[in-house]
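Here is how the chains run, residue by residue.
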Amino acid sequence: MGCPPPLLLVSMANPMSFKQLFDLSGRTALITGSTRGLGFSYAEGLAEAGAHVIVNGTRAEGVAEAVSKLTAKGHKVSGQHFDVGSEASIVEAFAALDAQGLEIDILINNAGIQFRKPMVDLGVEDWQKVLDVNLTGSFVIAREAAKRMIARGRGGKIVNIASLTSAAGRATVAPYTASKGAITAITRTMAVEWAPHNIQSNAIGPGYILTDMNQALIDNKEFDAWVRASNPSGRWGKPEELVGAAIFLSSSASDYINGQTLYVDGGWLAQL
Ligand SMILES: NC(=O)c1ccc[n+]([C@@H]2O[C@H](COP(=O)([O-])OP(=O)(O)OC[C@H]3O[C@@H](n4cnc5c(N)ncnc54)[C@H](OP(=O)(O)O)[C@@H]3O)[C@@H](O)[C@H]2O)c1
């Protein structure tokens, strides 16, 4: 792999055009859970911005399909299927990426699962499964990525995926809420711990977005009507509407932004 330019590009010593602030050429980005939904949109957006993207999911065939869709559009793409809920699987995947010479400059910790049940009926096993994927997985992947970014000394970008539930309570989604609240907290810790290495860690908090994860809610007329009525924008969000925030937080445009959560929710949280 050629050596990409240092990530911190805007300075008096090294001026750049503001038009280049969002350019990701020469960067490599791992986006977990990117075979479909929001992750696929992030992968497509970052690839269009010039990055070499690494697509991930648990299913090898899902990864191969996403890789071929993005390759057909002329993007630089690799695939790595692994389960973010398993530390062993993550460590093995990073060893495979090292062996291929793929050095990650940008990590989007996007893979996540949902599990709906009233708390009084919720077992620890189901609680733990959500936390393993959404929270522990994000920590382990960020640890592996940051270790390598620090050793290379070129800085990097970590974008964790939070949710409206990081900031607001919703019934029947306790483990998801716990995981996403903790994501904003650990994003701040990553920011503080890794800022001296020129690694910026931020989070995106999507609102209600039209993806497979929400299919049952989209199909539920009452819930669909509630989403529309409760949102100042009067509608669900589309996966492509999250891409601008992902490119921003992955690029030099956000080099002095650290530890923040950017909500992309049509204004839902603003009215609480
Ligand atoms: N959609 C929303 O309204 C919304 C709102 C707030 C936050 N979010 C967050 O945004 C992220 C993406 O959500 P989405 O709606 O796009 O989800 P989705 O449509 O359900 O897609 C999930 C993606 O994650 C992968 N995945 C699931 N479990 C995995 C695991 N253990 N290891 C690796 N990959 C895994 C899936 O691939 P495989 O099928 O191959 O496993 C798929 O590519 C999640 O963190 C979610 O919590 C979504």
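The structure presented is a predicted model; accordingly, all values stated were derived computationally and were not measured. (Residues numbered from 1 in each chain as written. Predicted model: local features only at pLDDT ≥ 70, side-chain atom pairs only at ≥ 80, totals over all residues.)

Asks: Before we go on, may I ask you to explain the site of the ligand in this structure?
Replies: Around the ligand, a shell composed of 30 residues is seen, among which Gly33, Gly37, Gly57, Gly112 and Thr211 lie nearest. Here the shell around the ligand gets three residues from one element, more than from any other, and that element is helix α1 (residues 37-48). Broken down by class, the residue content of the shell around the ligand amounts to ten nonpolar, 16 polar and four charged. (Near = placed C-beta within 6 Å. Helix = DSSP H or I, 4+ residues; strand = E, 2+ residues; numbered from the N terminus. Nonpolar A, V, L, I, M, F, W, Y, C, P; charged D, E, K, R; others polar.)

Asks: For this particular structure, what's the right way to read unusual backbone geometry?
Replies: Although it is not a glycine, threonine 172 sits at a positive phi angle of roughly 70 degrees. Here asparagine 198, not a glycine, exhibits a phi torsion of approximately 60 degrees, which is positive. Its location among the elements puts asparagine 198 in the loop between α5 (174-194) and β6 (199-206).

Asks: When you look at α5 in this model, what are you seeing that I'm missing?
Replies: Each turn of an α-helix holds 3.6 residues, which means side chains three or four residues apart point in the same direction. If you check α5, its first and last C-alpha atoms are 30 Å apart, about what 21 residues at 1.5 Å a residue would give, namely 30 Å. Within α5, burial applies to Ala174, Pro175, Tyr176, Thr177, Ser179, Lys180, Ile183, Thr187, Met190 and Trp194. Contacts made by the buried residues of α5 are with α4 (124-152), β5 (156-161), β6 and β7 (261-264). (Expected span 1.5 Å × (residues − 1). Buried ≥ 20, exposed ≤ 12 C-beta atoms within 10 Å, placed from the backbone. Contact = placed C-beta atoms within 7 Å.)

Asks: Looking at this structure, I do not really get the nonpolar core. What am I missing?
Replies: Among the nonpolar cores identified, the biggest contains 63 residues, and Ile31, Leu46, Val53, Ile204 and Ala246 are the most heavily contacted of them. Top element by residues in this core is α4. It accounts for nine residues. The residues touching valine 53, leaving out its near neighbours within four places in the chain, are Ala29, Ile31, Ala43, Leu46, Ala47, Leu70, His75 and Val77. (Core = buried A, V, L, I, M, F, W, Y, C linked by C-beta atoms within 7 Å.)

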